[in-house]
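# Coordinates in review
Listed below are the residues making up each chain.
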Amino acid sequence: MNARQDEQATVRHAAARLKCAFPSVDPATVDALVEAAQDALREAPIRTYVPILVERRARTMLADGVTPPAPATLPPDIESRGHGATAWHIVER
């Protein structure tokens, strides 16, 4: 297993722990918050601590009652430029 696969497996285990710790929260919500937390650390140059940081961030959001972010929708003029959905293009406006 390579490092990226190992990281993904560890994050999946963290999501399972969070689902057990927050049984009243819909599992899809937990998955969405874990994904959002992982996405926030997508560019982290040192990957060693990413899984634990993802779990802590998601746990904090769950404890605070945060709902998962809605999927981003881009204005039609940005989509028509053929750039794809990136934060850079949204901020650029």
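Residues numbered from 1 in each chain as written. Predicted model: local features only at pLDDT ≥ 70, side-chain atom pairs only at ≥ 80, totals over all residues. Heavy atoms only, no water.

### Focus on the nonpolar core
By size, the foremost hydrophobic cluster in this structure holds 14 residues, and its most contacted members are Leu18, Val30, Val34, Val54 and Leu62. No other element matches helix H3 (residues 50–63), which puts five residues into this core. Apart from the residues within four sequence positions on either side, Val34 is in contact with Val11, Ala15, Leu18, Val54 and Ala58. (Core = buried A, V, L, I, M, F, W, Y, C linked by side-chain atoms within 4.5 Å. Buried < 20%, exposed > 50% of the residue type's maximum accessible area, 1.4 Å probe, protein only. Helix = DSSP H or I, 4+ residues; strand = E, 2+ residues; numbered from the N terminus. Contact = heavy atoms within 4.5 Å.)

### Considering the confidence of the model for the chain
With 73% of its residues at a pLDDT of at least 70, the chain reaches an overall mean of 82. Mean pLDDT values over the elements of the chain span from 42, in helix H5 (residues 87–92), up to 96, in H3. A low-confidence stretch, residues 78–93 (pLDDT under 50), is modelled with 14 contacts involving residues beyond four sequence positions or located in other chains. (pLDDT = per-residue confidence, 0-100.)

### Focus on the pattern of salt bridges
Oppositely charged side chains can pair when the atoms bearing their charge come close. Scanning the model with the defined rule gives seven salt bridges in all. Measuring nitrogen to oxygen at the nearest pair gives 2.8 Å for the salt bridge that ties Glu7 to Arg47. One end of the pair, Glu7, is in helix H1 (residues 3–21); the other, Arg47, is in the loop between helix H2 (27–40) and H3, with 40 residues separating them in the sequence. Here the residues in one salt-bridge network are Arg4, Glu7 and Arg47, joined through shared partners. (Salt bridge = Lys/Arg side-chain N within 4 Å of Asp/Glu carboxyl O.)

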